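Descriptive structure summary
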Amino acid sequence: MKFPTKWDFVLVCDDHSLNSEKDKKKKSFLDELYRKGFIIKMIKDEKLFYGVHAPSVMFRKYQWLLKNVDTDSEVISGVQEEDYWELMSTTRIRIVSFILQNIKIQSTKENLHDLIKKKVFETAFPLHERENLGAFLKMNWARWRDILYRQPIEKIRTYFGEKVALYFAWLGWYTCILFVAAVPGIILAIYGLISFNSSQISKEICAANTTMMCPLCDQKCPFWPLSETCTYAQVTHLLDNEGTVLFAIFMAVWATVFLELWKRRRAKVVSNWKLYLWDEEEEELAMELINNPETASPLHQHSYIRSTVVLILVGLMICVIIGIAHALVIYRVVVTVIFTQSDSEFFRERASTMAVMTGAVLHYLTIIIMSKVNRHVALYLCDMEKPRTFTEREKNFTVKLFTFQFFTHFSSVIYVAFFLGRINGRPGDYVRVGGKWRLEECHPSGCLVDLFIQMAVIMTLKQTLSNFVEFMLPWIGYKYKLLFRNPKSNNRVHMEESARDPCKEEWLWNYNLNEVNVFSLFDEFLEMMIQYSFTTIFVAAFPLAPLLAFINNLIEIRLDAIKMVRLQRRMVPRTANDIGTWLLILEAIGILAVIGNGMVIAITSDFIPMQVYKYTSSPCIQKNYTGKDCLAGYVNYSLSVFNVQDFANHENLPERKDPMGDVITHCRYRDYRNSEDYSHTVEFWHILAARLSFLILFEHVALCIKLIAAWFVPDVPRGIKNLHLQQKRERLLKRLRRMDDSTEV
């Protein structure tokens, strides 16, 4: 029998004992393929390799079923007939993969997925093209030296299919637009550096040698001068200055414009691919009919009871994730106590900062662990919903896993941003965990520093360690397989066998690559969505986030390319005309970014208290104004006074003398309370009202600007609309002429 030169798929299995249960199931599955007209070739090495080649009739059926009624031409996944042979490999692989996954053994009704789980087959994969297009991508795309070059999206589409091509098109576009966001972030940071020593608040804090602050813990912590936080106060000014509000509004507009411009670019790309009107459900139905026209297609199902149960379980999972964030809070409380009671002066002085930094590292470790747990839970919940098709299952899985991952990544960050230092009480009446440990406080120079540290640590670790692991694990796995594979591969006999049958060497090379699964591309998208969330939602506290994301993505594009072309087996190509559910997630993140940045400015930063002071109590509103800075005296205004005698353990307090040698009778703390009964002052309520007013105003203004930007930039370019309008007109004219010809007497 003459075998074809190219094979669509390769099945791999162990050499099972003759007539064993696994051997019988393997033969039954291969018999089903024979009945459908598949050509099968076996090659024996340490494993058994079965190459399968589908009959051409399947592709003619596919071509006929997906005739494009809009253009009166036959289209294969958006490819017109004259381009059919150029893209034949991706189309063949996609159809053959669908059939292999849906063929069932008649006796047991098991499909390929079931057989792989039961070790009948080990794996199944399409083959890379080591010459022609595969070699082109390897030499012109999957190389570090091409990091600044344009990606060959058309070639990627031809080799990996539209879904992978759209991912890289989106990632490349996102990276380019990130540069636009990184520039004002850099300018804001430079402005903060230039005015590093000129900030009035920093000057007052650095000169406050006699302003004694209350102890930061119950034991061993002394009274300390406010001037010790001089450096942190200057760092705070880098983040919390006059440009922060403008930058936050800019990022809200940037997120909207980015999405609108991507929609335009996507419309242009898929229109060039003839996929603008492609119907995913229709293609799945076509492949079901090709596989078995007698089998009824699964119908859409919906159960309110099942949906309610899933919703409750999702809520419980979110509560568990938030509970883990609370555990991290307790960790920071305990660690703060341990550091403050340390015999080392270095740790005592930096107890709060060390707790935040180690807490951020621990948070990163919980993210790694919970990511695996979240995946299993999301898959289980998707199975409970009984989706009709794989595409529907993927959409449900996307929403659930992103929700879990979002809370996993951001629960602790949200606590630091909006609750840290605001629910811990006051000197003499602190809120305690278990009635013993004081809740942690913000850094004395402000809560924004703590949020900045949390964001910087998590983003840096995620973008360095995660990328390192993401690349090194496949690389090590590939090298390990090459090193320890069958020793026969190095002897002369094996070389002669490979020369007689080139398929053997080709199949072994593909087999030794790292395995891919249906969620490999999903993982790349999810990673970018989490990064996009960090880049937009709390960017007011970390203006350099777009710059870090831009640098990371330049590396990420080539890293993913090298993995796909050089280190992993070939993905099964999939057709798509957009990025699917991820676009809805991006739009949701854009709205959350407006809310998050508004709350950071209104609640976390000192922007609002400074403005209230400037327009109600500053020297600028005095009649005898002498040109002093409007924020002169703000530090004293923002600190409350506490009587040392009101401490429950005031007799056991450490040395109570200030730098001048005087006995300390009062200490200061960050809050707006009177010094008699420690109730909130009028200024506290003024500031609270101003915070809420600013938050409402900021969000409404930013959302209005987003809506205007979305309206101003059309989703589809005018040229694309006119092109499709002309095509519809020509189609209708052609039909009209046919009718006239048929009725002509």
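We now turn to the structure provided with this report. (Residues numbered from 1 in each chain as written. Predicted model: local features only at pLDDT ≥ 70, side-chain atom pairs only at ≥ 80, totals over all residues. Heavy atoms only, no water.)

Describing the overall build of the chain
Of regular secondary structure, the chain possesses 25 helices and 15 strands. By residue count, 51% of the 745 residues in the chain fall in the buried class. Across the chain, the fraction of contacts at a sequence separation of at least 24, relative to all contacts at a separation of at least 6, is 78%. Only carbon and sulfur atoms are counted for the fraction: they give 60% of the accessible area of the chain, which is about 36500 Å². (Helix = DSSP H or I, 4+ residues; strand = E, 2+ residues; numbered from the N terminus. Buried < 20%, exposed > 50% of the residue type's maximum accessible area, 1.4 Å probe, protein only. Contact = heavy atoms within 4.5 Å. Areas by Shrake-Rupley, 256 points an atom, 1.4 Å probe, with all protein chains shown as cover.)

Comments concerning the state of the cysteines
Enumeration according to the criterion identifies 3 disulfides in this entry. Covalently, Cys 214 is tied to Cys 667 through a disulfide, its sulfur atoms 1.9 Å apart. On the sign convention where negative means left-handed, the S-S torsion of about 80° between Cys 214 and Cys 667 marks this disulfide as right-handed. In this pair, Cys 214 is assigned in the loop between strand S8 (212–213) and strand S9 (224–225) and Cys 667 in strand S15 (residues 666–670), connecting sequence segments 453 residues apart. Judged by relative accessible area, which is 5%, Cys 214 ranks as buried. What makes Cys 667 buried here is its relative accessible area of 0%. A sulfur-sulfur separation of 1.7 Å characterises the disulfide bridge that pairs Cys 620 with Cys 630. Taking the sign of the S-S torsion, -100° for the link of Cys 620 and Cys 630, the bridge is left-handed. Here Cys 620, found in the loop between helix H22 (607–616) and helix H23 (634–638), pairs with Cys 630, found in the loop between H22 and H23; they are 10 residues apart in sequence, far enough to count as distant. By relative accessible area, which is 25% here, Cys 620 ends up partly exposed. For Cys 13, which is in no disulfide, the shortest distance to another cysteine sulfur is to Cys 503 and amounts to 17 Å. (Disulfide = S-S within 2.5 Å.)

Concerning the side chain of Ser 97
Turning to its location among the elements, Ser 97 is positioned in helix H3 (residues 88–102). Every residue in contact with Ser 97, bar those within four places of it in the chain, is listed here: Phe 9 and Val 572.

What about the pattern of salt bridges?
Tallying each qualifying case throughout the model produces 29 salt bridges. When the shortest N-O distance is used, the salt bridge between Asp 146 and Arg 143 registers 3.1 Å. Judged by relative accessible area, Arg 143 falls into the buried class, the value being 18%. Glu 281 is the partner of Arg 388 in a salt bridge, and the nearest nitrogen-oxygen pair spans 3.6 Å. Separated by 107 residues along the polypeptide, Arg 388 in the loop between helix H14 (351–385) and helix H15 (390–418) and Glu 281 in helix H11 (residues 280–291) bring together distant segments of the chain. (Salt bridge = Lys/Arg side-chain N within 4 Å of Asp/Glu carboxyl O.)

Things to note about the nonpolar core
In terms of nonpolar packing, the biggest core is built from 138 residues, with Trp 170 and Phe 538 touching the most fellow members. The element contributing the most residues to this core is helix H7 (residues 162–194), with 13 residues. If we skip the residues at most four places from it in the chain, Trp 170 touches Phe 258, Trp 262, Phe 525, Met 528, Met 529, Ile 579 and Leu 586. Grouped together as the second largest cluster of nonpolar side chains are 31 residues, Leu 30, Met 58, Phe 98 and Ile 105 included. (Core = buried A, V, L, I, M, F, W, Y, C linked by side-chain atoms within 4.5 Å.)

Some words on the pairing of strand S1 (residues 9–13)
Within S1, 5 of the 5 residues are buried, which leaves it mostly tucked inside the rest of the structure. Here S1 shows no split at all, with Phe 9, Leu 11 and Cys 13 on one side and Val 10 and Val 12 on the other all buried. In this sheet, strand S3 (residues 48–53) lies alongside S1 in antiparallel orientation, the contact comprising 5 bridges. Pairing of Val 12 across the sheet is with Phe 49, part of S3. In this structure, S1 lies alongside strand S7 (residues 123–125), joined through 3 bridges in antiparallel fashion. Its bridge partner being in S7, Leu 11 is matched across the sheet by Ala 124. (Pairing = 2+ DSSP bridges.)

Focus on the side chain of Ser 271
Looking at the secondary structure, you find Ser 271 in helix H10 (residues 243–272). Ser 271 has contacts with Tyr 276, Ile 720, Leu 723 and His 724, leaving out every residue within four places of it along the chain.

Topic: the pairing of strand S2 (residues 39–44)
Where S2 and S3 come together, 6 bridges link them in antiparallel fashion. Paired with Met 42 across the two strands is Tyr 50, which belongs to S3. Between S2 and S3, which follow one another and run antiparallel, lie 3 residues.

Section: H15
Taking 1.5 Å of rise per residue, the 29 residues of H15 would be expected to cover 42 Å, and the 40 Å separating its terminal C-alpha atoms lies within 8% of that figure. A maximum bend of about 45° is found in H15 at Phe 410. (Expected span 1.5 Å × (residues − 1). Bend = angle between axes of the 7 residues up to and from the residue.)

Some points on the sheet that holds S2
Strand order in this open sheet of 4 strands is S2-S3-S1-S7, and the pairing throughout is antiparallel. Since the sheet does not close on itself, it has two edges, and those belong to S2 and S7, each with one partner. Taken pair by pair, the neighbouring strands of this sheet meet at an average axis angle of 20°, ignoring direction. On top of the sheet, helix H18 (residues 502–511) reaches S1, S2, S3 and S7; it is set at about 80° to S2, its chief contact. (Axes fitted to C-alpha atoms, helices over the stretch in contact; angles between N-to-C directions.)

What about the environment of Ile 290?
In this structure, Ile 290 sits in helix H11. Relative accessible area serves as the criterion here: at 5%, Ile 290 is assigned to the buried category. For the pair formed by Ile 290 and Lys 61, sequence separation is 229 residues and the distance between their alpha carbons is 6.8 Å. Contacts of Ile 290, omitting those with residues within four sequence positions, involve Met 58, Lys 61, Tyr 62, Leu 65 and Ile 99.

Quick word on a nonpolar patch on the surface
Residues Val 361, Leu 365, Ile 368, Ile 369 and Val 373 make up a contiguous nonpolar surface patch of roughly 390 Å² in combined accessible area. Tracing the chain through its elements places Val 361 in helix H14. We classify Val 361 as partly exposed; its relative accessible area is 37%. (Patch = residues over 30% accessible without salt bridge, like charges linked within 9 Å, V, L, I, M, F, W, Y side chains within 5 Å.)

Brief notes about the packing of helix H19 (residues 520–536) against helix H20 (residues 545–567)
Contact geometry for H19 and H20: axes closest at 11 Å, N-to-C directions at 175°. In terms of orientation, H19 lies roughly antiparallel with respect to H20. In this structure, H19 uses Leu 521, Glu 524, Glu 527, Met 528, Gln 531, Phe 534 and Thr 535 to contact H20, whose residues at the interface are Ala 545, Pro 546, Ala 549, Asn 552, Asn 553, Glu 556, Asp 560, Lys 563 and Met 564. Class assignment for the residues of the contact of H19 with H20 results in 7 nonpolar, 4 polar and 5 charged. (Parallel < 35°, antiparallel > 145°, perpendicular 65-115°, else oblique. Nonpolar A, V, L, I, M, F, W, Y, C, P; charged D, E, K, R; others polar.)

A short note on the packing of aromatic side chains
The final tally for this structure, using the stated rule, is 42 aromatic pairs. Ring plane angle 45° and centroid distance 4.9 Å describe the contact between Phe 397 and Phe 522, whose orientation is recorded as tilted. In this pair, Phe 397 sits in helix H15 while Phe 522 sits in helix H19, placing the two residues 125 residues apart along the sequence. For the pair formed by Phe 397 and Phe 522, the shared burial category is buried. Taking the centre distance of 5.2 Å and the plane angle of 50° together, the rings of Phe 522 and Trp 582 count as tilted. With a gap of 60 residues between them, Phe 522 in helix H19 and Trp 582 in helix H21 (residues 581–604) connect regions that are remote in the sequence. With respect to class, Phe 522 is no different from Trp 582; both count as buried. (Phe/Tyr/Trp six-rings, centres within 6.5 Å; stacked < 30°, edge-to-face > 60°.)

Quick notes on unusual backbone geometry
The residue Lys 109 is not glycine, and still its phi comes out positive at about 60°. Looking at the secondary structure, you find Lys 109 in the loop between H3 and helix H4 (112–117). With relative accessibility at 56%, the residue Lys 109 sits in the exposed group.

What about the packing of H15 against H21?
As a packed pair, H15 and H21 sit with axes 12 Å apart at the nearest point and diverge in direction by 10°. Between H15 and H21, the interaxial angle falls into the category roughly parallel. Of the residues in H21, those touching H15 at Lys 395, Thr 398, Val 399, Phe 402, Phe 406, Ala 417 and Phe 418 are Thr 581, Trp 582, Ile 585, Ile 589, Leu 592, Gly 596, Met 599, Val 600, Ile 603 and Thr 604.

From the geometry alone we can't say anything about function, so treat these as descriptive.
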